[in-house]
Amino acid sequence: MVFRLLKARWRHGSQAVPDPIAAQVDPMFRGFPDIAKEGTLSSETVALCPGAALSVNPVAIDLGKCHLCGACSRAANSPIRLSSRHHLGQTKRDALIVTAGTSFEQYHARAEKGRAEIRRLFGRSLRLRSVSAAGCSACEMELNATTNANFDMLRYGIDIVASPRHADAVIVTGPVSANMADALEDTWSATPSPKLLILMGACAISGGLFAASPALDRRFLSDHTPDIYIPGCPPHPLTVVNAILNYLGRGI
Amino acid sequence: MDRVLLKNRAAIPFDDLPKISYQAMGDIAIGCLCAGLRPVALFGVPEERPAGAVRIIALFADDVKGTLAVTSVHAERGATVPSLTPSIPAFHLFERQLWEEFGIVPQDHPWLKPVRYPHDGHTPRRVEEGYRYFAMNGEESHEVAVGPVHAGVIEPGHFRFLCDGERVNHLEIQLGYQHRGAERLFRTGPLAMKSVLAESVSGDAAVAHATAYAGLVEALGNSAIPRRAAVIRAIGLELERAGIHLGDLSALCNDIGYLPGTQLFAVMRTDIINTSLALCGSRFGRGLIAPGGVMHDIDEKKKERIASTVRRVRDNAGLLAASVFDNQNVLARFEKTGTVDTATARAIGLVGPAGRASGLPCDIRLTHPTDAYSDHPLIKTVLQNGEGKAAISGDVYARAFVRHQEIQDSLRYITELLGRLDAVQDGIAAPVERPRAGMVAFSITEGWRGETLHAAVTGDQGETLRYYIKDASFHNWFGLALAVRENGVSDFPLCNKSFNLSYCGFDL
């Protein structure tokens, strides 16, 4: 019996992604949008966007609202092409807006490192507390995946903990429903300082598809300034890991 | 005629719906139950004239004949109707929802409380506003309150265990924290452009909800999809099912501390969902389904990738499952834990793998098939384990074993479907007609969690007057509440994972 289990174990070998910082994702992945420099967007293309992430003048995509569905890139004569580059984390809300001609390198260079005190305290040990505030479970599953045998974020000393009392950062998923507003605020105030606020996914960053819904209460996000923005719908586990590592000064 | 018979994914003119009294609808419901039909949906549609009028639509499924029976009731906002819940427990949430949305009071409802605390309902707006939880008195009785924020990385909900020592007498599940107003958002703008929203109804069942939604749009526009698209949709659905079931078997092993199972089922899940990424650009199958067909074709390269993954995972998952379900320590925790017997399951309307594990023969893929499932029927081994003994004991073991068998069935079915691709070369998408005016349509898909219903009523201009969603979790949450009775508090995570229900799919 035990030999059967050993055989099952042996067949899988090592499944860990050897280097999550340098790893590439499948070419089918919809990631950083390349926008041709002289391109223009038609109003028909703008209307295709489910998240109202496109603007015409100047031509730009707000990755804080983008669901990376690719509708704009498939439209006729669209200047937008989605690459498979997945290092999308940012530290300022405005930096998520990609204008025509912005290269991936320029975009990536905008992401700032945390201040020295944060890097000293959390650089080698960071504990996250997750709050799903009306998240659809996609971001939650990808956040869980960061700790699985494949992505194994624990190798960098980053882990997810069960209590805000044990946490150094709160990571929020979902557009923040009115019914979760109090619980989110309570979790944040139960987390000892200094602490980081991380927003994961288009819903958390901007309300996403639900931005116009009267069932939301996003006052928490006007009262507190996020430290890290992780765009996507949902963000790939490697996007999450690299956004955090970059902030801690340990990324590329 | 007091009811109309329909096929799955059909639309009929709204005015053709029979109009009967609530009492008469109750009589139909009881008659349906006696004839083996089960209630699928009961929801209100606001009528334009006279102001304050509501049309209540009731839908029943005949799983033997493969038909749906529909009828409707005219009511006023704030009216009082005789509750059907005392005779048909499966109606308890439907009637609570009618009360919450339209103030229609079901008289003698045994436990009238809000469903999801919407911002625009007739009931309190915040979950905790003045609600008195069900309570139990006694010297040794105590309560354990958990949530809304849970210890793991999962969606929020509040659980209150009424305990006698370590034994759970009852669990009250309080949801609504996830309410985002999703149904309302389907009503703004063109219905055919809501694929991404449909995928976000419950992100772990993105393909199931997108398929139900796309089928609904096609029914409203009377559009057909290419047969090749139908095959690819089924491949997407089965990849999703296999991926989630593998993840849940991993989580079940984790909850009992059987770590080889935890890690190995999890890496197989990664293998499956990374294949989904290679197919359509998303690990959760987002962007695959759209009204009219699918957005991504399967070329030879993708076909080989899917086929090799399926072969590998089917072998390895079978080998690992043989070890897991043979292990005495595993069985000691799985067997006779969290049991829902067949009669209870039928009374509360359990659906999906949880229903099948309790012995209900409910599977939309078999009973109300559409697309590839009707052209190329799925042959299931479910309900029969290796020794020929039916895995219908309704406990954690049965729910885990059904998952294991469904993984094998899904992967075998994907292989069969891949073999059919060459024979269907009629494209991957067809034009979608605008929704017809004044129609009502129903579209049911068997997602990994079970029956996933999307329904809509259109107005004079073809605009959406009402969009209604019923995730499998709608019925099954109450199944979880009943499953943990007479179990230890510490077995709750195990019971919970064996169902793995959606919070946002319920709260909408």
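Calculation rules
- Residues numbered from 1 in each chain as written.
- Chains lettered and ligands numbered in written order.
- Predicted model: local features only at pLDDT ≥ 70, side-chain atom pairs only at ≥ 80, totals over all residues.
- Heavy atoms only, no water.
- Helix = DSSP H or I, 4+ residues; strand = E, 2+ residues; numbered from the N terminus.
- Rg over C-alpha atoms; globule rule 2.2 N^0.38 Å.
- Buried < 20%, exposed > 50% of the residue type's maximum accessible area, 1.4 Å probe, protein only.
- Contact = heavy atoms within 4.5 Å.
- Pairing = 2+ DSSP bridges.
- Axes fitted to C-alpha atoms, helices over the stretch in contact; angles between N-to-C directions.
- Core = buried A, V, L, I, M, F, W, Y, C linked by side-chain atoms within 4.5 Å.
- Domains from an automatic or database assignment.
- Lys, Arg positive; Asp, Glu negative; His and termini not counted.
- Salt bridge = Lys/Arg side-chain N within 4 Å of Asp/Glu carboxyl O.
- Polar contact = N/O pair within 3.5 Å; in protein donor to acceptor, adjacent residues only side chain to side chain.
- Nonpolar A, V, L, I, M, F, W, Y, C, P; charged D, E, K, R; others polar.
- pLDDT = per-residue confidence, 0-100.
- Buried area = accessible area lost by both parts, 1.4 Å probe.
- Right-handed = clockwise from strand over helix to strand, strands pointing away.
- Patch = residues over 30% accessible without salt bridge, like charges linked within 9 Å, V, L, I, M, F, W, Y side chains within 5 Å.
- Areas by Shrake-Rupley, 256 points an atom, 1.4 Å probe, with all protein chains shown as cover.

A.B. asks: Could you give an account of the overall build of chain B, with specific residues and numbers?
C.D. replies: A tally of helices and strands in chain B yields 17 helices and 16 strands. For chain B, whose C-alpha radius of gyration is 22 Å, the value lies close to the compact-globule estimate of 23 Å for 508 residues. With the principal axes as the frame, chain B shows a C-alpha extent of 70 × 60 × 40 Å. Across the 508 residues in chain B, those meeting the buried criterion constitute 67%. Residue pairs in contact within chain B that sit at least 24 positions apart in sequence constitute 67% of those at least 6 positions apart.

A.B. asks: Kindly report on the sheet that holds strand S16 (residues 464-470) of chain B, identifying the contributing residues and their values.
C.D. replies: Residues and elements named next belong to chain B. Taking strand neighbours across the sheet as the criterion, the four strands line up as S2-S14-S15-S16 in an open arrangement whose pairing is antiparallel. In this open sheet, the two edge strands, each paired with only one partner strand, are strand S2 (10-13) and S16. Each strand of the sheet is rotated relative to its neighbour by a mean of 15°, with strand direction disregarded. As paired strands, S2 and strand S14 (residues 439-447) are joined by four bridges and run antiparallel to one another. Residue Ile12 lies in a different strand from S14, and its bridge partner there is Val440.

A.B. asks: Give me the nonpolar core: which residues, what numbers.
C.D. replies: Ranked by internal contacts, the top residues of the largest apolar core, which has 172 residues, are B:Ile57, B:Phe60, B:Phe334 and B:Phe442. The element contributing the most residues to this core is helix H6 (residues 227-255) of chain B, with 14 residues. Shared between two domains, this core takes at least three residues from each, and those domains are domain 1 (4-116) and domain 2 (182-499) of chain B. Discounting chain neighbours no more than four positions away, the residues touching B:Ile57 are B:Phe14, B:Leu17, B:Ala41, B:Leu42, B:Phe43, B:Val45, B:Val70, B:Thr71, B:Ser72, B:Val440, B:Phe442 and B:Val457. Membership of the second largest hydrophobic core comes to 35 residues, among which are A:Leu63, A:Val131, A:Met180 and A:Leu184.

A.B. asks: Report on the side chain of A:Arg129, specifying residues and quantitative values.
C.D. replies: All names here are of chain A. Secondary-structure assignment places Arg129 in strand S6 (residues 126-132). Glu140 is the oppositely charged side chain nearest to the buried, salt-bridge-free Arg129, at an N-O distance of 10 Å. Here Val161 takes part through its backbone oxygen, which lies 3.4 Å from a polar atom of the side chain of Arg129.

A.B. asks: Report on the interface of chain B and chain A, specifying residues and quantitative values.
C.D. replies: Taken together, the contact between chain B and chain A spans 63 residues of the former and 62 residues of the latter. If you look at where chain B meets chain A, you find three salt bridges. Across the pair B:Arg283 and A:Glu142 runs a salt bridge, and its minimum N-O distance is 2.7 Å. Linking chain B with chain A are 19 residue pairs in polar contact (both at pLDDT 80 or more). Among the elements of the structure, helix H3 (182-185), helix H4 (195-199), helix H7 (259-280) and helix H8 (300-324) of chain B are those that each provide at least two residues to the side of chain B that touches chain A. Ranked by the residues each element gives to the side of chain B that touches chain A, the list is headed by H7(B), at 11 residues. Class assignment of the residues belonging to the side of chain B that touches chain A gives a composition of 30 nonpolar, 19 polar and 14 charged.

A.B. asks: A description of the environment of A:Ala138 should follow, citing residues and the corresponding values.
C.D. replies: Tracing the backbone through its elements, the reader meets A:Ala138 in helix H6 (residues 138-145). Judged by its relative accessible area of 1%, A:Ala138 falls in the buried class. Considering only alpha carbons, one finds A:Ala138 and A:Gly174, 36 residues apart in sequence, at a separation of 9.5 Å. Excluding residues within four positions of it along the chain, A:Ala138 makes contact with A:Pro234, B:Gly203, B:Phe284 and B:Arg286.

A.B. asks: If you had to explain the confidence of the model for chain B to someone new, which residues and values would you point to?
C.D. replies: Mean pLDDT over chain B: 90, with 97% of residues reaching 70 or higher. A low-confidence stretch, residues 383-388 of chain B stays under pLDDT 50, and its non-local contacts, those more than four residues away or across chains, total 12 contacts.

A.B. asks: Provide a residue-level description of the side chain of B:Ser72, including the pertinent values.
C.D. replies: Residues and elements named next belong to chain B. The residue Ser72 is located in strand S6 (residues 67-76) in this model. Looking at Ser72, the relative accessible area reads 0%, which means it is buried. In terms of polar contacts, Ser72 uses its side chain to reach the side chain of Arg55, at 3.0 Å. Not counting the four nearest positions on each side in its chain, Ser72 is found in contact with Leu17, Pro18, Lys19, Ile20, Arg55, Ile56 and Ile57.

A.B. asks: If you had to explain the domain arrangement of chain B to someone new, which residues and values would you point to?
C.D. replies: All names here are of chain B. Each domain of chain B was delimited in the assignment, giving domain 1 (4-116) and domain 2 (182-499). Inter-centroid distance (C-alpha atoms) of domain 1 to domain 2 is 26 Å. Taken residue by residue, the interface counts 36 residues in domain 1 and 35 residues in domain 2. Of the roughly 2900 Å² buried between domain 1 and domain 2, counting both surfaces, carbon and sulfur atoms make up 63%. For domain 1, the biggest contributors to the area lost against domain 2 are Asn8, Arg9 and Phe43; these three give 26% of the whole. Our count for the domain 1 to domain 2 interface comes out at three salt bridges. Linking Asp371 and Arg9 is a salt bridge whose minimum nitrogen-to-oxygen distance equals 3.1 Å. Viewed at the interface, domain 2 and domain 1 are joined by 14 residue pairs in polar contact (both at pLDDT 80 or more). Residue assignment for the side of domain 1 that touches domain 2 shows that the elements contributing at least two residues are S2, strand S4 (38-46), strand S5 (53-62), S6 and helix H2 (92-102). Here the side of domain 1 that touches domain 2 gets eight residues from one element, more than from any other, and that element is S4. The class makeup of the residues in the side of domain 1 that touches domain 2 is 23 nonpolar, six polar and seven charged.

A.B. asks: Explain the sheet that holds strand S7 (residues 158-160) of chain A to me, using residue names and the numbers behind them.
C.D. replies: Residue and element names in this part refer to chain A. Strand order across the open sheet formed by five strands is S7-S6-S8-S9-S10, with parallel pairing between neighbours. Here the strands that pair on one side only, and so sit at the sheet edges, are S7 and strand S10 (228-230). Strand-to-strand twist across the sheet, computed as the mean angle between neighbouring axes with direction ignored, equals 25°. Summarising the sheet, strand S8 (residues 169-173) and strand S9 (residues 196-200) pair through five bridges and their orientation is parallel. By the bridge assignment for S9, Ala169 is matched with Leu196.

A.B. asks: With reference to specific residues and values, describe the pairing of S6(A).
C.D. replies: All names here are of chain A. The element S6 is largely enclosed, with a buried count of six among its seven residues. As paired strands, S6 and S7 are joined by three bridges and run parallel to one another. From the neighbouring strand, Arg127 faces S7, where its bridge partner is Asp159. With H6 bridging S6 and the parallel S7, this β-α-β connection has right-handed handedness. In the sheet, S6 pairs with S8 via five bridges, with the strands oriented parallel. Counted as the bridge partner of Leu128 is Ala169 from S8.

A.B. asks: I'd like to hear about the pattern of salt bridges, residue by residue, with values.
C.D. replies: A complete count under the given rule lists 39 salt bridges over all chains for this structure. Linking A:Asp62 and A:Arg93 is a salt bridge whose minimum nitrogen-to-oxygen distance equals 2.8 Å. One end of the pair, A:Asp62, is in strand S3 (residues 60-62); the other, A:Arg93, is in the loop between strand S4 (80-82) and strand S5 (97-99), and 31 residues separate them in sequence. The class of A:Asp62 is buried, set by a relative accessible area of 10%. Here the salt bridges do not stand alone but share partners, grouping B:Glu238, B:Arg241, B:Arg356, B:Asp363, B:Arg365, B:Glu406 and B:Glu446 into one network.

A.B. asks: Any details on a nonpolar patch on the surface? Residues and values, ideally.
C.D. replies: Residues and elements named next belong to chain A. Taken together, the side chains of Val2, Phe3 and Leu6 make up a nonpolar region of the molecular surface, amounting to roughly 350 Å² of accessible area. Its location among the elements puts Leu6 in helix H1 (residues 2-12). Residue classification places Leu6 among the partly exposed residues on the basis of a relative accessible area of 49%.

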